Amino acid sequence: ISVKTDYSLLQSLIKIPDLVLYASKNNISSLGIIDDNLSSSIEFILECQKYHIKPIIGLHTKLNNQDIFLYAKDEKGYKNLIKLSTIITEENLTIDILKKHKEGIKKRNSDIDRINELKKDGLIVLALPFIFKFIFLFVLLFRLLIRACS
């Protein structure tokens, strides 16, 4: 369950202010994004602070051609995500690099890992309606775009 923003080029149309406002209106107390870069993180953190929502920052990257999802658990983790984000612009991520910058970071290999963890924590019930609403909005926007181009 990964929410990407429009900072992940060609992967999402979700704008951070809209996402955070939606979360606020639906009494969501923590919210995470996982883009393939960290350019969105400052805007996301500041927007979440306006509505007293706990921001969760993630980085989507690849390790040995496998998708991995890295989340900052704390400030140290966020700083390590920034370091990793910079490193992967110049070279492929390796186990050794990841081990060197692992402090404060939680790693997931797939959506199944995250879904299972959410189920254990009893959070899957809260996350799914939120995701389905965004899927509905995406489909609606896509249809409007097609009509406008016709």
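Computed from a predicted model, the values in this text were never measured in an experiment. (Residues numbered from 1 in each chain as written. Predicted model: local features only at pLDDT ≥ 70, side-chain atom pairs only at ≥ 80, totals over all residues. Heavy atoms only, no water.)

A. Highlighting the pattern of salt bridges. Summed over the entire model, instances satisfying the criterion amount to three salt bridges. E47 is paired through a salt bridge with K50; the nearest N and O atoms lie 3.3 Å apart. Taken as a pair, E47 and K50 lie in helix α2 (residues 41–50) at a separation of three residues, close to a single helical turn. Looking at E47, the relative accessible area reads 10%, which means it is buried. Note that D67 is salt-bridged to K62, the shortest N-O span being 2.7 Å. What makes D67 partly exposed here is its relative accessible area of 31%. (Salt bridge = Lys/Arg side-chain N within 4 Å of Asp/Glu carboxyl O. Helix = DSSP H or I, 4+ residues; strand = E, 2+ residues; numbered from the N terminus. Buried < 20%, exposed > 50% of the residue type's maximum accessible area, 1.4 Å probe, protein only.)

B. A look at the side chain of N80. Tracing the backbone through its elements, the reader meets N80 in helix α3 (residues 75–88). At 2.8 Å, the side chain of N80 and the backbone oxygen of E103 are in polar contact. In contact with N80, other than residues within four places in its own chain, are H101, E103 and I105. (Polar contact = N/O pair within 3.5 Å; in protein donor to acceptor, adjacent residues only side chain to side chain. Contact = heavy atoms within 4.5 Å.)

C. View of a nonpolar patch on the surface. Nonpolar side chains collect at one region of the surface, where L140, L141 and L144 lie side by side and expose about 260 Å² of accessible area between them. Assignment of secondary structure puts L141 in helix α6 (residues 124–149). (Patch = residues over 30% accessible without salt bridge, like charges linked within 9 Å, V, L, I, M, F, W, Y side chains within 5 Å. Areas by Shrake-Rupley, 256 points an atom, 1.4 Å probe, with all protein chains shown as cover.)

D. View of the environment of T89. Topologically, T89 is positioned in the loop between α3 and α4 (95–100). Since its relative accessible area comes to 64%, T89 is described here as exposed. In the structure, T89 is positioned 52 residues away from N37 in sequence and 9.3 Å away in space, judged by C-alpha atoms. Of the polar contacts made by the side chain of T89, one reaches the backbone oxygen of T86; its length is 2.5 Å.

E. Structural view of the nonpolar core. Formed by 25 residues in total, the largest nonpolar core has its most connected members in L19, V20, L31, F44, L70, L81 and L84. Mapped by element, the contributors of at least two residues to this core are α1 (16–25), β1 (30–35), α2, β2 (54–63), β3 (66–72), α3 and α4. (Core = buried A, V, L, I, M, F, W, Y, C linked by side-chain atoms within 4.5 Å.)

F. Representation of the packing of α1 against α2. Two elements in contact, α1 and α2, have axes separated by 10 Å at closest approach and are oriented at 30 degrees. Taken together, the axes of α1 and α2 are roughly parallel relative to one another. Between α1 and α2 lies a crossing of right-handed hand. Contacts from I16, P17, L19 and V20 of α1 reach α2 at E43, F44, E47 and C48. In terms of residue class, the contact of α1 with α2 is made up of six nonpolar, no polar and two charged. (Axes fitted to C-alpha atoms, helices over the stretch in contact; angles between N-to-C directions. Parallel < 35°, antiparallel > 145°, perpendicular 65-115°, else oblique. Left-handed = near helix turned anticlockwise from the far one by under 90°. Nonpolar A, V, L, I, M, F, W, Y, C, P; charged D, E, K, R; others polar.)

G. Highlighting the confidence of the model for the chain. Summary statistics for the chain give a mean pLDDT of 79 and a share of 78% for residues scoring 70 or more. This stretch, residues 122–129, has a pLDDT under 50; its non-local contacts, to residues over four places away or in other chains, come to seven contacts. (pLDDT = per-residue confidence, 0-100.)

H. Expanded view of the sheet that holds β1. With mixed pairing, four strands are arranged side by side in an open sheet as β1-β2-β3-β4. Both outer strands of the open sheet, β1 and β4 (105–108), are each paired with one neighbouring strand and no more. In this sheet, adjacent strand axes meet at a mean angle of 25 degrees when their direction is disregarded. Bridge analysis of β2 against β3 gives six bridges, and the strand direction is antiparallel. Within the sheet, the bridge partner assigned to G58 lies in β3 and is Y71. Sheet strands touched by α2: β1 and β2. Its angle to β2, the strand with the most contacts, is close to 155 degrees. Against the sheet, α3 contacts β2, β3 and β4, and its axis sits at roughly 30 degrees relative to β2. (Pairing = 2+ DSSP bridges.)

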